[in-house]
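Chain by chain, the residues:
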2 protein chains.
Amino acid sequence: MRAIKESIAEWFRSLQDDICNGLEHADGAGKFHQDLWDRPGGGGGRSRIMTNGGVIAKGGVNFSAVNGKTPEKILQALQIDDADFFATGVSIVIHPENPWVPIIHMNVRYFEMSNGIYWFGGGIDLTPHYVYPDDARFFHQQLKDTCDQFGGTLYSKFKKWADDYFFIKHRNETRGIGGIFFDRLTEQHDMTFDQVLDFTQAVGKTFLPTYAELISRNQNKAFDESHKTWQRLRRGRYVEFNLVYDKGTKFGLDTDGRTESILMSMPPQADWVYDYRPESDSLEAQSLGYLKKGIDWV
Amino acid sequence: MRAIKESIAEWFRSLQDDICNGLEHADGAGKFHQDLWDRPGGGGGRSRIMTNGGVIAKGGVNFSAVNGKTPEKILQALQIDDADFFATGVSIVIHPENPWVPIIHMNVRYFEMSNGIYWFGGGIDLTPHYVYPDDARFFHQQLKDTCDQFGGTLYSKFKKWADDYFFIKHRNETRGIGGIFFDRLTEQHDMTFDQVLDFTQAVGKTFLPTYAELISRNQNKAFDESHKTWQRLRRGRYVEFNLVYDKGTKFGLDTDGRTESILMSMPPQADWVYDYRPESDSLEAQSLGYLKKGIDWV
């Protein structure tokens, strides 16, 4: 495996390029600003941020490839004394300006250690401020089509994993309508290393056409201040999930990762209103009704 | 001790009343809205929230007195098999509308278990959006005056504790200018139970005159949109501290506390801007310069 880690990183780097180009095209006005950074312990990254675009209010598409001594927290979790690690991946969070366009998150990543342990992880999930069943079905069908190329059980397994992972326990709400999530995926009885790599890359390639379609469907819908207010409240929930529960965020902050790259996931603006309850039967209340586990969208 | 736990709760309840009355007077326009709530496992509380007042944009003054089986997390931390618990306290977070008025937080609490273990905890700390040394000195002097009534070493000990506790590690910033913080305070060689109780109550009584003075000094200062923008960025940091680090918030969310009461600490609105850096020598940059540990304000 170790011989190919650089080629995996290179593939992720080109995925970042393709997605940034595609998002700039879909946005129509905004451009990504790039920051190159080095990690003191080894490796570094390319953070790319768009602010105040035509569609994207604040979004990040980050690539990193880092290496060095494995952080103590991982060694403890794996009950290993010492090893070097290499990790590379692409992380995306897009907060749109128009509340009818959903927030989206994607991550694909590869991790390996000098003792031979390795795995892939990632997923794509959608957080609409307003849930449209048609868009939710389209989104999940896209993910299912990608999964189904690699085995008929992957979608249902990784869809459930996303439902369980993207859950705001203290609100008893899912973060959005889920998607797919997988972690520590490695070669196994029915998937070779190459197939796991291919699957992870296929997830990465699913992002752009899927989100471009969702932008295209919704970017010209009119909105008023009441829709923006609801958007900011939902962004508040996004903040709650990411800062209270998200393992990648916690791990990054715990291990002195680059704070500005990790917290690119924060929305441009978020509101909190004490004990806010939308009017019953409103679009907002209907959307809340979809924020639960186990909805079969396809 | 157990005979007096109800009288301690009663004192906290009246502290909540006094503070709410005093804050309504200082605010001049807003009124607190009260929610009574019951805890399924035992006890309950009175949450009081003010929104869109004359000075207070969003603030909470919460009382609770809860009891029942001690949560597993506390039993584990104390290495105890089983015990009932009783906990009562008042928690306050005030987010003002005018960015020249500081955010303030206070908590005073009492905890006891059926095995005889008990302690007091609490503190007051200030988070100015713009740090004025004069106000910071006044604030810390008020706290020192209260502490000094109970022993000459308390202020420096509890001031350091606040510096260490209210620290946003991933930003390398303190949350604000600190204050005092203490936990698991119990009778000891130089303080009887009654003195510890008196001290905790004295801290509670220090809140209102201190914050009323800070409101009075700053509430009529003019501000523009640039000051509001800075306020929302600082509120974003407040969110980061409370959701990532604050032990009370984490414990409350972990143990199925009342979410709306716990998260009354969230600001009405918060912003995030990627890699924001204020102009050097600006008021904003000067304020950031004060957000570090170990400043001796008195």
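Residues numbered from 1 in each chain as written. Chains lettered and ligands numbered in written order. Predicted model: local features only at pLDDT ≥ 70, side-chain atom pairs only at ≥ 80, totals over all residues. Heavy atoms only, no water.

S.K.: Any chance you could break down the pattern of salt bridges for me, citing the residues and the numbers?
M.R.: Evaluation of the coordinates by the stated rule reveals 52 salt bridges over all chains. Here E260 of chain B makes a salt bridge to R171 of chain A, at a shortest N to O gap of 2.9 Å. Highlighted residues: E260 of chain B in helix 8 (residues 259–262) and R171 of chain A in the loop between strand 7 (167–168) and strand 8 (173–174), drawn from two different chains. Here E260 of chain B falls in the buried class, since its relative accessible area comes to 16%. By relative accessible area, which is 14% here, R171 of chain A ends up buried. Note that R175 of chain B and D125 of chain B form a salt bridge whose closest N and O atoms lie 2.9 Å from each other. (Salt bridge = Lys/Arg side-chain N within 4 Å of Asp/Glu carboxyl O. Helix = DSSP H or I, 4+ residues; strand = E, 2+ residues; numbered from the N terminus. Buried < 20%, exposed > 50% of the residue type's maximum accessible area, 1.4 Å probe, protein only.)

S.K.: Give me the environment of N107 of chain B: which residues, what numbers.
M.R.: Residue and element names in this part refer to chain B. With respect to the helices and strands, the residue N107 is situated in strand 5 (residues 103–113). Taking C-alpha positions, N107 is 5.6 Å from V90, a pair spaced 17 residues apart along the chain. Excluding anything up to four places from it in sequence, N107 contacts V90, S91, G121, G122 and G123. Within the structure, N107 has its side chain in polar contact with the side chain of S91 (distance 2.7 Å). (Contact = heavy atoms within 4.5 Å. Polar contact = N/O pair within 3.5 Å; in protein donor to acceptor, adjacent residues only side chain to side chain.)

S.K.: Before we move on, can you summarise the interface of chain A and chain B with the specific residues and values?
M.R.: Frequently, the measure chosen for interface size is the accessible area that the parts lose on association. Each side of the interface is counted separately: chain A has 31 residues, and chain B has 31 residues. A combined buried area of about 2800 Å² lies between chain A and chain B, and 53% of that area is made up of carbon and sulfur atoms. Together, E260, W272 and Y274 of chain A form the three largest contributors to the area buried by chain A at its contact with chain B, with a combined 29%. Across the chain A-chain B interface, the total number found is 4 salt bridges. Those elements that provide at least two residues to the side of chain A that touches chain B are strand 1 (33–38), strand 2 (43–51), helix 6 (225–244), helix 7 (247–254), helix 8 (259–262) and strand 10 (269–271) of chain A. The dominant element in the side of chain A that touches chain B, judged by the number of residues it contributes, is helix 6 of chain A, at 5 residues. Per-class residue counts for the side of chain A that touches chain B are 13 nonpolar, 5 polar and 13 charged. Both strand 10 of chain A and strand 10 (residues 269–271) of chain B contribute to a ladder of 3 bridges, which runs antiparallel. Across the sheet, D271 of chain A pairs through a bridge with Q269 of chain B, a residue of strand 10 of chain B. (Buried area = accessible area lost by both parts, 1.4 Å probe. Nonpolar A, V, L, I, M, F, W, Y, C, P; charged D, E, K, R; others polar. Pairing = 2+ DSSP bridges.)

S.K.: Pulling in residues and values, what's your account of the sheet that holds strand 3 (residues 56–69) of chain B?
M.R.: Residues and elements named next belong to chain B. Strand order across the open sheet formed by 7 strands is 1-2-3-4-5-6-9, with antiparallel pairing between neighbours. In this open sheet, the two edge strands, each paired with only one partner strand, are strand 1 (33–38) and strand 9 (178–185). Pairwise comparison of adjacent strand axes, ignoring direction, gives a mean angle of 5° for this sheet. Sheet topology places strand 2 (residues 43–51) next to strand 3; 9 bridges connect them, and they run antiparallel. Along strand 3, the bridge assignment pairs R46 with F63. Together, strand 5, strand 6 (118–127) and strand 9 form the strand contacts of helix 3 (residues 133–148), whose direction differs from that of strand 9 by roughly 30°. (Axes fitted to C-alpha atoms, helices over the stretch in contact; angles between N-to-C directions.)

S.K.: So what's going on with the sheet that holds strand 9 (residues 178–185) of chain A? Residues and values would help.
M.R.: All names here are of chain A. Spatially, 1-2-3-4-5-6-9 is the arrangement adopted by the 7 strands of the open sheet, whose pairing is antiparallel. The sheet is open, and its two borders are formed by strand 1 and strand 9, each paired with just one other strand. With direction set aside, neighbouring strand axes in the sheet form an average angle of 5°. Note: strand 1 against strand 2, 6 bridges, orientation antiparallel. Residue Q34 lies in a different strand from strand 2, and its bridge partner there is R48.

Limitation: the analysis is restricted to geometry and does not speak to function.
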